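Here are the chains, one letter per residue:
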Amino acid sequence: MARRRTFIGIDIGDAIRGSAKALQKELAKVDPGVKWVTPESMHVTLLFLGDVDDRELHAVCKAVATAARGEPSFSLRVSGLGVFPNARRPKVVWAGVTDGADVLRRLHTALEEKMMALGGYRSEERGYTPHLTLGRVNTPEAAVAVAAELPKRTAWQGGRVTVDEVLVYDSELNSDGPVYTVVGRAPLAGP
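Residues numbered from 1 in each chain as written. Predicted model: local features only at pLDDT ≥ 70, side-chain atom pairs only at ≥ 80, totals over all residues. Heavy atoms only, no water.

A. Just the nonpolar core, in detail. Ranked by size, the top nonpolar core spans 53 residues in total, and within it Leu134 and Val166 carry the most contacts. In terms of residue count, the dominant contributor to this core is helix α2 (residues 57-68) (7 residues). When neighbours within four sequence positions are excluded, Val166 is seen to be in contact with Ile8, Gly9, Ile10, Leu46, Val64, Ala68, Leu107, Gly184, Arg185, Ala186 and Leu188. (Core = buried A, V, L, I, M, F, W, Y, C linked by side-chain atoms within 4.5 Å. Buried < 20%, exposed > 50% of the residue type's maximum accessible area, 1.4 Å probe, protein only. Helix = DSSP H or I, 4+ residues; strand = E, 2+ residues; numbered from the N terminus. Contact = heavy atoms within 4.5 Å.)

In structure tokens, the structure reads:
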């Protein structure tokens, strides 16, 4: 019984990837203690499922398609910066989602309900914050440097993309970081 590390997400398009990569280069000059996400791995996560049995993957993709049918295509805009868990102890550097955030929250809720109905999946304890992960802070010095840089970047604009599908990704971990493969596509087909 093979298992796949699986999550559901949104592709951000090449224009946003390019803007985010340029921002990462600027931020990397501040402190080298951040592991930056590779541009080809950038996405907006809707729901992390964890290990999914290959035999359950079809049911997962079908449930994602049902949830996606309820929403029309929408415009997503990436802008501003933030950190998790907070500015005093930043661990993850992210770009915010402004336009389209409400749609992402609705999709997250619908997907979470569908996955829980399949069984074996539990809801996340923390609230859902739509975001684009840029990097992970690895040292206390980098945390201080990143926290000092955030107020200077609140007006950063990453761009827009039209979102017309939800993707199911397989995530394979290797020594260079995760490699994501799309294993399912669900068009947004709402009114």
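B. Local environment of the packing of aromatic side chains. Counted by the stated rule, this structure contains 4 aromatic pairs. Taking the centre distance of 4.7 Å and the plane angle of 15° together, the rings of Phe7 and Tyr169 count as stacked. Highlighted residues: Phe7 in strand β1 (residues 3-10) and Tyr169 in strand β8 (residues 165-174), separated in sequence by 162 residues. For the pair shown, Phe7 and Tyr169 are each scored as buried. Summarising the aromatic geometry, the rings of Tyr169 and Tyr180 are spaced 6.3 Å apart at their centres and angled 65° between planes, so their arrangement reads as edge-to-face. Highlighted residues: Tyr169 in strand β8 and Tyr180 in strand β9 (residues 177-187), separated in sequence by 11 residues. (Phe/Tyr/Trp six-rings, centres within 6.5 Å; stacked < 30°, edge-to-face > 60°.)

C. Just the sheet that holds strand β6 (residues 131-137), in detail. In space, the 5 strands of this open sheet follow the order β2-β6-β5-β4-β7, with antiparallel pairing throughout. Each end of this open sheet is capped by a strand with a single partner; those strands are β2 (34-36) and β7 (157-163). Looking at each pair of strands side by side, their axes are set apart by 30° on average, direction ignored. For strand β4 (residues 74-84) and strand β5 (residues 92-97), the ladder comprises 6 bridges, and the chain directions are antiparallel. Bridging across to β5, Val83 finds its partner in Val93. Of the strands in this sheet, β2, β4, β5, β6 and β7 are in contact with helix α1 (residues 13-28), which crosses β7 at around 155°. (Pairing = 2+ DSSP bridges. Axes fitted to C-alpha atoms, helices over the stretch in contact; angles between N-to-C directions.)

D. Quick look at the sheet that holds β8. Read from one edge to the other, the open sheet built from 4 strands follows the order β3-β1-β8-β9, with strand pairing classed as antiparallel. Only two strands of the sheet have a single partner each, and these edge strands are β3 (44-53) and β9. Direction aside, neighbouring strands of the sheet carry axes that sit 25° apart on average. Strand direction decides the pairing type here: β8 and β9, joined by 10 bridges, are antiparallel.

E. Summary view of the side chain of Arg17. Note on placement: Arg17 falls in helix α1. Here the side chain of Arg17 touches Met42 through a polar contact of 3.3 Å, landing on its backbone oxygen. (Polar contact = N/O pair within 3.5 Å; in protein donor to acceptor, adjacent residues only side chain to side chain.)

F. Inspection of the pattern of salt bridges at higher detail. Within the structure shown, the criterion is met by 13 salt bridges. The shortest N-O distance in the salt bridge between Glu165 and Arg185 comes to 2.7 Å. With a gap of 20 residues between them, Glu165 in strand β8 and Arg185 in strand β9 connect regions that are remote in the sequence. Overall, the relative accessible area of 24% leaves Glu165 in the partly exposed class. (Salt bridge = Lys/Arg side-chain N within 4 Å of Asp/Glu carboxyl O.)

G. Layout of the environment of Val78. Relative to the assigned elements, Val78 resides in strand β4. Taking the C-alpha atoms as reference, Val78 lies 9.2 Å from Gly100; in sequence the two are 22 residues apart. If near-sequence neighbours (up to four positions away) are discounted, Val78 is found in contact with Ile16, Ala95, Gly96, Leu132, Trp156, Gln157, Gly158 and Gly159.

H. Local environment of the pairing of β3. Burial analysis of β3 places 7 of its 10 residues in the buried class, the great majority of the element. Sheet topology note: the β1/β3 ladder contains 8 bridges and is antiparallel. Following the sheet pairing, Gly9 is matched in β3 by Thr45.

Everything listed is a geometric property; what it means functionally is a separate question.
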